[in-house]
Amino acid sequence: MGKELEEHDEVAKLCIQLDDLVLKVMEDLEALHQKKEVFNSLIEEGWFSLSKSRYAMGNKSVSTIQYGHTMIPLVRIHTSILKDGEIIFQAERRDPGTLANRENWMEGSDAVEDVSPADQAVRRRNVALNKRTKEEPVLSEDVQMEKPSKEKVKCSKQTEEQRSPIQDPLKWFGILVPQSLRQAQTSFQKVIELAADIATLQSHLQVAQKEYQTLLRQKLHLTKENV
């Protein structure tokens, strides 16, 4: 009799835990739905503001042609995994003015080589010189002196570029840009932060679903034993 009462109490506790978990899941689903609605509206506002900018400045003035020579991300996504397997996503955004130089911001990240048309021409010229080296065993002094000097100039340019401050992407399209272009940038910046929040909520819901299934199996196991 005492054992049955203990099992009954355990089932009652599991039922309370399941009810509380369902209420939390419903709250998270409501928050997720609201964030997704704001997310979609911000994307629409961003594209609408961008189209207004293209209408005011011209299609060719707001396109991929104006992108910077080197593109440095101003947003980083940090992830942390909790003990229960939940993943927390955090968006870290830096304004260009607060960054001392590119080198500090890009430290620890994978370096991406950006080859300009001028660098491609230098590489083609070096390939031609290498072919001539194989064909002609003796090189002229001009060619031998030219190659190190170009490498030094290239290295100095890369070092200068890394130490230079990061430019605001809006300046790619001109100094005096319309307000609609600034609004588009603000909308898409908010979208990135919301995307991190949405991903965190979805991860939390997945963990809650697994926890619910575990509690439900425990409850079914206890009820079968009582029967």
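Position labels on residues start from 1 in each chain and follow its written sequence. Per-residue local features of the predicted model are confined to residues with pLDDT of at least 70, and side-chain atom pairs are confined, for both listing and counting, to 80 or more; whole-chain, interface and lining totals are unaffected and use all residues. In computing side-chain values, all of the structure's heavy atoms are included and hydrogens and water are not.

Draft legend 1. Region of interest: the confidence of the model for the protein. The predictor attaches a confidence to each residue, called pLDDT, with possible values from 0 through 100. Per-residue pLDDT for the protein averages 75, and the proportion of residues at 70 or more is 64%. The helix count covers DSSP runs of H or I at least four residues long, the strand count covers runs of E at least two residues long, and both are numbered beginning at the N terminus. The element-level mean pLDDT for the protein is lowest in helix α3 (residues 117–135), coming to 48, with helix α5 (residues 179–226) highest at 89. Here, residues are in contact when the closest pair of their heavy atoms is within 4.5 Å. In this model residues 110–125 is a low-confidence stretch, pLDDT under 50, and it forms 12 contacts with partners more than four residues away in sequence or in other chains. Contacts from residues 136–148, a stretch scored under 50 in pLDDT, to residues over four places away or in other chains number six contacts.

Draft legend 2. Quick peek at the side chain of Asp 28. Residue position: Asp 28 is located in helix α1 (residues 2–57). For each residue, the accessible area found with a 1.4 Å probe, counting protein chains only, is set against the maximum for its type, and the residue is called buried under 20%, exposed over 50%, and partly exposed in between. Neither His nor the chain termini are counted; the positive set is Lys and Arg, and the negative set is Asp and Glu. A side-chain nitrogen of Lys or Arg and a carboxyl oxygen of Asp or Glu constitute a salt bridge if their distance falls within 4 Å. Despite being buried, Asp 28 has no salt bridge partner; Lys 24 is the closest side chain of opposite charge, sitting 8.4 Å away. Distance and chemistry together define a polar contact, namely a pair of N or O atoms within 3.5 Å, with one atom able to donate a hydrogen and the other to accept it when in protein, and with adjacent residues in sequence counting only for side-chain atoms on both sides. Of note is the side chain of Asp 28, whose polar atom sits 3.1 Å from the side chain of His 204.

Draft legend 3. Geometry of the environment of Phe 48. Structurally, the position occupied by Phe 48 is in helix α1. Under the relative-accessibility criterion, Phe 48 is labelled exposed at 54%. For Phe 48 and Leu 181, which are 133 residues apart along the polypeptide, the C-alpha to C-alpha distance reads 9.8 Å.

Draft legend 4. Representation of the side chain of Ser 187 within the structure. Looking at the element boundaries, Ser 187 is found in helix α5. For Ser 187, a relative accessible area of 7% gives the class buried. Not counting chain neighbours up to four residues away, the residues in contact with Ser 187 comprise Leu 42, Glu 45 and Gly 46.

Draft legend 5. Looking closely at the pairing of strand β2 (residues 87–93). DSSP-based pairing: two strands are paired if at least 2 bridges between them are found. The pairing of strand β1 (residues 75–81) with β2 spans seven bridges and is antiparallel. Across the sheet, the residue bridging to Arg 76 is Glu 92, located in β2. Where β1 hands over to β2, the hairpin turn is made up of five residues, of which Gly 85 adopts a positive phi near 95°.

Draft legend 6. The arrangement of the environment of Ile 43 in detail. Here Ile 43 shows up in helix α1. As a C-alpha pair, Ile 43 and Phe 188 span 145 residues in sequence and 6.7 Å in three-dimensional space.

Draft legend 7. Structural context of the pattern of salt bridges. Per the stated rule, a full pass over the model turns up two salt bridges. For the salt bridge of Asp 197 with Lys 35, the shortest nitrogen-to-oxygen distance reads 3.9 Å. Note that Asp 197 is positioned in helix α5 and Lys 35 in helix α1, a separation of 162 residues in sequence. According to the relative accessible area criterion, Lys 35 is partly exposed, its value standing at 27%.

Draft legend 8. How the structure looks around the packing of aromatic side chains. A pair of aromatic rings is counted whenever rings of Phe, Tyr or Trp (Trp by its six-membered ring) have centres within 6.5 Å, and the orientation is called stacked for planes under 30 degrees apart, edge-to-face for over 60 and tilted otherwise. Applying the stated criterion across every chain yields a total of two aromatic pairs. Plain terms: the ring middles of Trp 47 and Phe 188 are 5.7 Å apart, the flat faces sit at 75° to each other, and that makes the pair edge-to-face. Here Trp 47 is found in helix α1, whereas its partner Phe 188 is found in helix α5, with 141 residues between them in sequence. For the ring pair Tyr 67 and Trp 172, a centre distance of 6.0 Å and an interplane angle of 55° mean the geometry is tilted. With a gap of 105 residues between them, Tyr 67 in the loop between α1 and β1 and Trp 172 in the loop between α4 (141–163) and α5 connect regions that are remote in the sequence.

Draft legend 9. Molecular detail of a nonpolar patch on the surface. On the surface, a cluster of nonpolar side chains totalling about 490 Å² of accessible area is made up of Val 22, Met 26, Leu 29, Tyr 212, Leu 216 and Leu 220. Only α1 and α5 provide two or more residues apiece to the nonpolar patch. The class of Tyr 212 is partly exposed, set by a relative accessible area of 33%. Each patch is assembled from residues with relative accessible area greater than 30% and no salt bridge, linking like charges that lie within 9 Å and nonpolar side chains (Val, Leu, Ile, Met, Phe, Trp, Tyr) that lie within 5 Å. Computed by Shrake-Rupley with a 1.4 Å probe, the accessible areas treat only the displayed protein chains as cover when residues are assessed.

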